[in-house]
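# Coordinate analysis (summary)
Here is how the chains run, residue by residue.
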Amino acid sequence: MSATKPLHRIDRNVAQDDVLHVGAPNVGDRVYFNQLVDRIFQRRWFTNDGGVVKELESKLCSYLGVKHCVAVCNATLGLQLAYRALDLTGEVIVPSFTFVATAHAAQWNGLTPVFADVKRDDHTICPHSIETLITEQTRAIVGVHLWGNPCDTRKIEALARKHDLAVIYDAAHAFGCADQDRMIGNFGDCEVFSFHATKFFNTFEGGAIATNNDELAERLTRMKSFGFAGMDNVVGLGTNAKMPEVCAAMGLSLMPCLEQLMERNRHNHQLYQAHLEGLDGLRLLTHDHLQQTNWQYVVIEIDQQRFGVSRDELIERLHARQIRARRYFYPGCHRMEPYRSMPRNQGLALPNTEAIGDRVICLPTGSAVDEADIERVCNVIRGD
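Residues numbered from 1 in each chain as written. Predicted model: local features only at pLDDT ≥ 70, side-chain atom pairs only at ≥ 80, totals over all residues. Heavy atoms only, no water.

### A closer look at the packing of helix 11 (residues 311–320) against helix 13 (residues 371–382)
Our working rule: Lines fitted to the C-alpha atoms define the axes, with helices restricted to the stretch that makes contact. Angles between their N-to-C directions range from 0 to 180 degrees. Counting from the N terminus, the helices are the DSSP runs of H or I reaching at least four residues and the strands are the DSSP runs of E reaching at least two. Any angle that is under 35 degrees is reported as roughly parallel, and any over 145 degrees as roughly antiparallel; angles of 65 to 115 degrees are reported as roughly perpendicular and all others as oblique. For any pair of crossing helices, the crossing counts as left-handed if the nearer helix is rotated counterclockwise from the farther one by less than a right angle, and right-handed if it is rotated clockwise. A contact between two residues is defined here by any heavy atoms of the two lying within 4.5 Å. Each residue gets one label: Ala, Val, Leu, Ile, Met, Phe, Trp, Tyr, Cys and Pro are nonpolar, Asp, Glu, Lys and Arg are charged, and the others, such as Gly, are polar.
Orientation of helix 11 relative to helix 13, taken along the N-to-C sense of each, is 135°, at an axis distance of 10 Å. Considering their axes alone, helix 11 and helix 13 lie oblique with respect to each other. Viewed along their axes, helix 11 and helix 13 form a crossing whose handedness is right-handed. Facing L314, R317 and L318 of helix 11, the residues of helix 13 in contact are V377, V380 and I381. Among the residues forming the contact of helix 11 with helix 13, the class breakdown is five nonpolar, no polar and one charged.

The structure is reproduced here in structure tokens:
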């Protein structure tokens, strides 16, 4: 399929009252998608690792430059499988400033999430904070490539080697991103991607686990399908985390559009930057020009004292104008249940997490947003 085929844009006559959403789904090549769905019906193979899922896994491996990519029904189960497949027990260090699924997947597996602070500049997990939390009970470090910003993989993996720890990356935000000229997917023991509908590359709902470890990939493949290793041969504990064929079809229909989608996101980011430049008390997060990013998120921070209104007051102003901007990861996992009530987290101070959590707003972007929409959002922010 041609990478220059126009993206399908949401028809505003169908959308609800011209509401702008963060993460409105991108839609790829509808003709190709329908061809794949026809193929699924002809084969009458709807799930259980059929040809469409296998084709998506193969194309993901080629795109990421990894040996293995195990498609799953969602990233949360992908994280649970990764924790289980690495035989982890005890404690895992995770950032508090992340979607709660990162911690929940560990807790669900009987692990104890230990919350680290993040860096002030790019909001990714802080290696110094990690180092202060390592104990004899620590078994893994879980980094989160937030907003498409890669973690400091060199320092994290140096700490892991020093203390003999596993490394998992939650790469839910980072499909199509690169660090040190290597695609995200190639770091740690494995990396878990989300292909949820709100992600710039989606499979309706879904995810994938990327790894260069042959044994781990084989274990993950068995575990996502009840522990089967061939017909009627269950060799260990497993669950049902398989991606349906139709979800893989959605992913395949978007693969030829990846460069277009990232370019649209980059263009949107530049427009926001131009419209919001010079506003005192507002910081638009940018990306390291040496890294490859997908530009999936437009993130601003509001300094209430300098900007004149609080983050939450600005969100109310945006919502009143049908702009569904979002505050992400507030107030931090360590202040959510069940973690807030755990004795070790009572009184826990993570200054960067708490400061960022009180300031961050995510703004609408993606193929459902055009230049007029961005100007509309920025006019509201500017108080015009």
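Next, the rest of the story.
### Let's talk about the nonpolar core
Put simply, the rule reads: Definition used in this section: a nonpolar core is a set of buried Ala, Val, Leu, Ile, Met, Phe, Trp, Tyr and Cys residues joined via side-chain atoms within 4.5 Å. Here's how the labels work: a residue is buried when its accessible area is under 20% of the maximum for its type, exposed when over 50%, partly exposed in between, all with a 1.4 Å probe on protein chains only.
Formed by 54 residues in total, the largest nonpolar core has its most connected members in L60, F175 and F201. Contact partners of F175, with chain neighbours within four places excluded, come to L60, Y63, L64, F193, F195, F200, F201, L258 and N294. Formed by 34 residues, the second largest nonpolar core is a distinct cluster that contains V72, V92, V94 and A140.

### What to know about the packing of aromatic side chains
Worth spelling out the cut-off: Centres within 6.5 Å are what make two rings of Phe, Tyr or Trp a pair, Trp counting through its six-membered ring; a difference in plane orientation under 30 degrees is then read as stacked, over 60 as edge-to-face, and the rest as tilted.
Per the counting criterion, the structure on display carries 17 aromatic pairs. Measuring from centroid to centroid gives 5.3 Å for F97 and F329, while their planes differ by 90°, and the two rings are edge-to-face. Of this pair, F97 sits in the loop between strand 3 (91–95) and helix 4 (101–108) while F329 is found in the loop between strand 13 (323–324) and helix 12 (351–357), placing the two residues 232 residues apart along the sequence. One exposure class covers both F97 and F329, and it is buried. Pairing F175 with F195 gives two aromatic rings, centres 5.4 Å apart and planes at 80°, and the pair type is edge-to-face.

### Here's the deal with the packing of helix 3 (residues 75–85) against helix 4
Relative orientation of the contacting elements helix 3 and helix 4 amounts to 45°, with a least axis distance of 9 Å. Judged by the angle between their axes, helix 3 and helix 4 are oblique. Remark: the crossing between helix 3 and helix 4 carries right-handed chirality. Residue-level contacts link T76, L79, Q80 and Y83 of helix 3 to A101, T102, A105, A106 and W108 of helix 4.

### A few points about the side chain of T203
Positionally, T203 belongs in the loop between strand 9 (190–194) and strand 10 (207–211). Each residue touching T203, except ones within four places of it in the same chain, is listed here: L56, F195, M243, C247, M250 and G251.

### Some words on the sheet that holds strand 2 (residues 68–72)
By definition, the strands of a sheet pair up through backbone hydrogen bonds, in either a parallel or an antiparallel sense. Note the cut-off: Any two strands with at least two DSSP-identified bridges between them are counted as paired.
A sheet is described by the order of its strands in space; here seven strands give the open sequence 2-10-9-6-5-3-4, paired in mixed fashion. Among the strands making up the open sheet, the edge pair consists of strand 2 and strand 4 (112–116). With direction set aside, neighbouring strand axes in the sheet form an average angle of 25°. One ladder, built from five bridges, connects strand 2 with strand 10; its direction is antiparallel.

### Focus: the sheet that holds strand 11 (residues 282–284)
The three strands lie next to each other as 11-12-14, forming an open sheet whose pairing is antiparallel. Both outer strands of the open sheet, strand 11 and strand 14 (360–363), are each paired with one neighbouring strand and no more. Taking each pair of neighbouring strands and ignoring which way they run, the sheet shows an average axis angle of 30°. Across the sheet, helix 11 lies against strand 12 (298–302) and strand 14, angled at about 25° from strand 14, the strand it touches most.

### Here we look at the environment of Q80
With respect to the element layout, Q80 can be found in helix 3. Given the relative accessible area of 16%, Q80 is considered buried. Measuring from C-alpha to C-alpha, the distance between Q80 and H275 comes to 41 Å, with 195 residues separating the pair along the chain. Ignoring sequence-local partners within four residues, the contact set of Q80 consists of A105, W108 and N109.

Treat this as a map of the structure, not an account of what it does.
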